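# Close look at the chain arrangement
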Amino acid sequence: MTTDTTTTGAFMGDPGPTGRFGEFGGRYVPESLVPACIELEAAFRDAWADPSFRAELDGILRNYGGRPTPVTECGRLSEQLGIRLFLKREDLAHTGSHKLNNVIGQGLLARRMGKRKLIAETGAGQHGVATATAAALFGMECIVYMGEVDTQRQELNVFRMELLGATVVPVTAGSRTLKDAVNEALRAWVASVDDTHYCLGSVMGPHPYPWMVREFQSVIGEEAREQCRILLDGADPDVVVACAGGGSNAAGIFAGFADATGSELVAVEASGGAAVTTGIPGILHGMRSALIQDDAGQILEAESISAGLDYPGIGPEHAHLADLGRARYVSAGDEAVLEAFQLLARTEGILPALESAHAIAWVAAAAASGELAPGATVLVNLSGRGDKDVAQVRDILRGRS
Ligand SMILES: *Cc1c(COP(=O)(O)O)cnc(C)c1O
């Protein structure tokens, strides 16, 4: 018997064969993709229960990926904000973000399934670069689907993927952005499933992806919980904060604290793509979740200063955690994010990814408003480093002076 722990009250458990998180999740795919999803779910269940798979994954994440990433206490910024701020440093992982955890996991799984080709969707290019990295490491072929508009906006990442040996296919359908790239990757997967694994980049899409990607990212939360216990004399932080686009870095750190009932969980969306707070339930990319749509049910373009948060939905488990009240969903606007980007640079010598700067922006505002009590212990998942965003921030700031 499979126990559906999310409906029996435990947080962030195994969603069972239906892949449901409360009323969200599921597997809304064409008939032709159902066998591929079922094969993948079975392979993942088998691998995840196999100590040799877990040991190989841990070894690669350690010796190639740079794990465990440290937790850094921010002395100067803590003093300024009147709280105790800690950062889980995913910016220090290989390729500069948490994305590597997922692609190494899926790459190893694909190899175990006998697939020789990885395909992926990408928006800004970061997940494409991570998948191309995993493909190079495992000696696999790699094709990345990217909206044509994004290939023009993110030329350097296209070149990065090519350097890593991947082929980038511009997608000309629809709005020619991430949403269309996901559709195209799903279509390509149907046509090539015998030898191809679709390496999806966040906790979204049809079952088993939302669950599987969360499990691959849960290493962040497991490490952080241990590290915080050492830093906080056995206690858990009062608040755990992460930015959320699709929601994988947030799910990864939340997973480590789901049963830490003293820790409040906060996910920060971009205000122009706040699926949980402004979206309504609907179906997109194989899942039922909270989506931003117009009155006629048309999916809207998310808009944010950070390309990595430009997704019109969020993973289904987040919509469920919001329903349960286990996690809170808030948003930060571009202006506050730009401020936070500079604040962390000047006070701590760390340039955060613009995505991660959303989490810092919320913390700074909540400390200033008193929503975070003086002396509160706050752990932020710093999902990535900001080097990729420096030219964009320069252009915005210079355009003003
Ligand atoms: C891709 C990305 C995100 C957004 O993706 P999630 O699945 O929400 O984590 C956030 N931060 C960085 C640095 C990213 O590269």
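Rules and cut-offs
Residues numbered from 1 in each chain as written. Predicted model: local features only at pLDDT ≥ 70, side-chain atom pairs only at ≥ 80, totals over all residues. Heavy atoms only, no water. Domains from an automatic or database assignment. Contact = heavy atoms within 4.5 Å. Buried area = accessible area lost by both parts, 1.4 Å probe. Salt bridge = Lys/Arg side-chain N within 4 Å of Asp/Glu carboxyl O. Polar contact = N/O pair within 3.5 Å; in protein donor to acceptor, adjacent residues only side chain to side chain. Helix = DSSP H or I, 4+ residues; strand = E, 2+ residues; numbered from the N terminus. Core = buried A, V, L, I, M, F, W, Y, C linked by side-chain atoms within 4.5 Å. Buried < 20%, exposed > 50% of the residue type's maximum accessible area, 1.4 Å probe, protein only. Phe/Tyr/Trp six-rings, centres within 6.5 Å; stacked < 30°, edge-to-face > 60°. Lys NZ or Arg CZ within 6 Å of the ring centre and 35° of its normal.

### Structural notes on the domain arrangement of the chain
Entries for the chain in the domain assignment read domain 1 (20–61 + 99–209) and domain 2 (66–96 + 218–400). Of note, the centres of domain 1 and domain 2, computed from C-alpha atoms alone, are 23 Å apart. The interface is formed by 30 residues belonging to domain 1 together with 35 residues belonging to domain 2. With both sides pooled, the region where domain 1 packs onto domain 2 buries about 2600 Å², and carbon together with sulfur makes up 63% of that total. Of all residues in domain 1, Phe24, Lys179 and Val203 give up the largest surface area on contact with domain 2, accounting jointly for 24% of the area buried on that side. Where domain 1 packs against domain 2, one counts one salt bridge. Its salt-bridge partner being Arg288, residue Glu23 comes within 2.8 Å of it at the nearest N-O pair. Run the count over domain 1 and domain 2 and you get 12 residue pairs in polar contact (both at pLDDT 80 or more). Elements with a minimum of two residues in the side of domain 1 that touches domain 2: strand 1 (20–21), strand 2 (24–25), helix 4 (99–112), helix 5 (126–138) and helix 8 (178–192). Examining the composition of the side of domain 1 that touches domain 2, we find that five residues originate from one element, helix 8, more than from any other.

### So, the nonpolar core
By size, the foremost hydrophobic cluster in this structure holds 58 residues, and its most contacted members are Phe53, Leu57, Ile104, Leu109, Trp189 and Tyr198. Broken down by element, the residue count for this core peaks at seven residues, all from helix 1 (residues 34–48). In terms of domain composition, this core takes at least three residues from each of domain 1 (20–61 + 99–209) and domain 2 (66–96 + 218–400). Of all hydrophobic cores here, the second largest spans 35 residues; its members include Ile350, Leu354, Val380 and Val393.

### Here we look at the packing of aromatic side chains
Tallying each qualifying case throughout the model produces seven aromatic pairs. An angle of 85° between the planes, with centres 5.0 Å apart, marks the rings of Phe44 and Trp211 as edge-to-face. Linking Phe44 in helix 1 with Trp211 in helix 9 (residues 209–231), this pair joins segments that are 167 residues apart in sequence. Accessibility classification places Phe44 together with Trp211 in one group, the buried group. Taking the centre distance of 6.0 Å and the plane angle of 65° together, the rings of Trp189 and Tyr198 count as edge-to-face. Each member of the pair, Trp189 as well as Tyr198, carries the same accessibility label: buried. Linked through ring pairs, Phe44, Trp48, Trp211 and Phe216 together constitute an aromatic cluster. We note Arg54 situated over the ring of Trp48; from NZ or CZ to the ring centre the distance is 3.7 Å. Its end group placed over the ring of Phe11, Arg326 keeps NZ or CZ at 5.7 Å from the ring centre.

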